[in-house]
Amino acid sequence: MKLEGDKSLSHRLLMIASLIQGDSILRNISTSKDVYSTIECLQKCNIKIDYKDEKTTIFKSDFIAPEAILDCGNSGSTLRMLMGLLHGQSISAKFDGDSSLQKRPMNRIMIPLKKMGATFELSNGKFPIIMHSTNNQSIKYSEKTKSAQVKTSLIFAGLGSNESSFISYNKATRDHTEKIMESLGFDIKVKNKITIRKNNVNIGMDINIPGDLSSAAFVIAATVLTPNSNVIIKNVLYNKTRMTFIYTLIKMGAKISIKNISKEECGIQSCDIYIKYSKSLTGVKIKGDDVIGMIDEIPIFSIIGCFASGATNIQNIKELKVKESNRINAIYQNLYDMGADIFQDDDSMLIKGGKRLHNTTINHFNDHRIAMSFEILRLVIGEDMSYEYSNIIDISFPGFYRTMDRLLS
Ligand code: S3P
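Residues numbered from 1 in each chain as written. Predicted model: local features only at pLDDT ≥ 70, side-chain atom pairs only at ≥ 80, totals over all residues. Heavy atoms only, no water.

**Section: the environment of Cys45**
Point 1. Inspection of the secondary structure assignment puts Cys45 in the loop between α2 (33–44) and β2 (49–50).
Point 2. Placed 281 residues apart in sequence, Cys45 and Asn326 show a C-alpha to C-alpha distance of 32 Å.
Point 3. Setting aside anything within four residues of it in sequence, one finds Cys45 in contact with Asp62, Phe63, Ile64, Pro66, Leu70 and Leu86. (Helix = DSSP H or I, 4+ residues; strand = E, 2+ residues; numbered from the N terminus. Contact = heavy atoms within 4.5 Å.)

**Some points on the sheet that holds strand β14 (residues 255–259)**
Point 1. Within the open sheet, the three strands sit side by side as β13-β15-β14. Their pairing is antiparallel. Either end of the sheet is taken by a strand with one partner, and the two such strands are β13 (230–238) and β14. Taking the axes of each pair of neighbouring strands and ignoring which way they run, one obtains an average angle of 20° across the sheet.
Point 2. Bridge analysis of β13 against strand β15 (residues 269–276) gives seven bridges, and the strand direction is antiparallel. Pairing of Ile233 across the sheet is with Ile273, part of β15. (Pairing = 2+ DSSP bridges. Axes fitted to C-alpha atoms, helices over the stretch in contact; angles between N-to-C directions.)

**What to know about the site of the ligand**
Point 1. Taken together, 13 residues are adjacent to the ligand, and Ser8, Arg12, Ser147, Asp296 and Lys323 come closest.
Point 2. At 2.6 Å, a side-chain N or O of Arg12 approaches an oxygen atom of the ligand.
Point 3. One nitrogen or oxygen atom from the side chain of Asp296 is found 2.6 Å from an oxygen atom belonging to the ligand.
Point 4. In the complex, 94% of the free accessible area of the ligand, which totals 380 Å², lies under the protein chains.
Point 5. Those elements that place two or more of their residues in the shell around the ligand are α1 (7–19), α3 (76–88) and α6 (148–158). (Near = heavy atom within 4 Å. Polar contact = N/O pair within 3.5 Å; in protein donor to acceptor, adjacent residues only side chain to side chain. Areas by Shrake-Rupley, 256 points an atom, 1.4 Å probe, with all protein chains shown as cover.)

**Quick word on the packing of α2 against α3**
Point 1. Running from N to C, α2 and α3 point in directions that differ by 30°, and their axes come no closer than 10 Å. Put simply, α2 runs roughly parallel to α3. As for how α2 packs across α3, the hand of that crossing is right-handed. Each of Asp34, Ser37, Thr38, Cys41 and Leu42 in α2 lies in contact with α3, whose residues at this interface are Thr78, Leu82 and Leu85.
Point 2. For the contact of α2 with α3, a count of residues per class yields four nonpolar, three polar and one charged. (Parallel < 35°, antiparallel > 145°, perpendicular 65-115°, else oblique. Left-handed = near helix turned anticlockwise from the far one by under 90°. Nonpolar A, V, L, I, M, F, W, Y, C, P; charged D, E, K, R; others polar.)

The following block contains the structure:
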């Protein structure tokens, strides 16, 4: 089987293509609502994009300050990365988002962007956020939130100045932006710090985006936990900052292997993932950089923990409280209601596997990854999926129900 292009790559490739003084083609782009938010926002800034899932073309265009509000929907990546991108191009804009996005922390991005010359207006601290961007300055910044979105945003903003910006960052954060930009000839150096400054890139790219690793996690979980299943996912993203979920499952005893790792093209590699039902899984402890490496996979990982022998201990996960929902709370509440042996505190969860779980009404908290995780759990305990959450799941994985039905047939 194959999956639509990786969402993190799709956002970044669209934004980077918009900076290039040439046309770019992106094949197999994600058709998720989040990526569509990025496309619509860029179009409102005068970037010409012909959007088709099989072949999306981004034409050489100049940024023009948008009159309309940039609605980022549910997408933290769109909002945070776009702020840096537009500031780097001296484009002022007004940003909005849905009620979940409006609750997410924005100071982590506004504080460094202010140091780079942007000013912000919010009425009573509330959305929409108006960004005024006339004055561009370089920055020396140590990124403490360990966020790839913030790192990317600051790299983009650094393109606004002839003077180099220096960004210290955590090496476990996903590195797609810097790898793609390095390979395309942007003036970026990646060492212990990232150094970036203004330059022009004139030659566009033609890229086939490998399948989404975070969507693959749901297929992997369903396969590992369902007797007699055996699945190969072809042409999925391969990137060392995104493989921790898979390596952790292998450590727990899951029958997963990674084959056919491709050569790097435009800073991007792909692989095939072979997965089999795995009867004996053993609980593990994860913390620190490993959590960063599987930050979006913690909800589905906690489901797997329920079927592993012994304890699965997930530490340093405070950041999950400010994702699309408070994911510590959402995982805990649903698993507890289903009869799991689970303990949570402010920064960790402990799951003792092997308890018999029963179906209840799931509270998905309007969070796509919570909805998908618990649909998978229903399948694994022998219930039907509810098929009720397409609207939420389409945020990241539009083919989810179709894919799962095919796996089961
Ligand atoms: C993302 C980074 C992560 C992740 C998000 C996508 C990215 O967020 O949770 O879904 O594409 O850079 P943070 O940067 O806030 O950790």
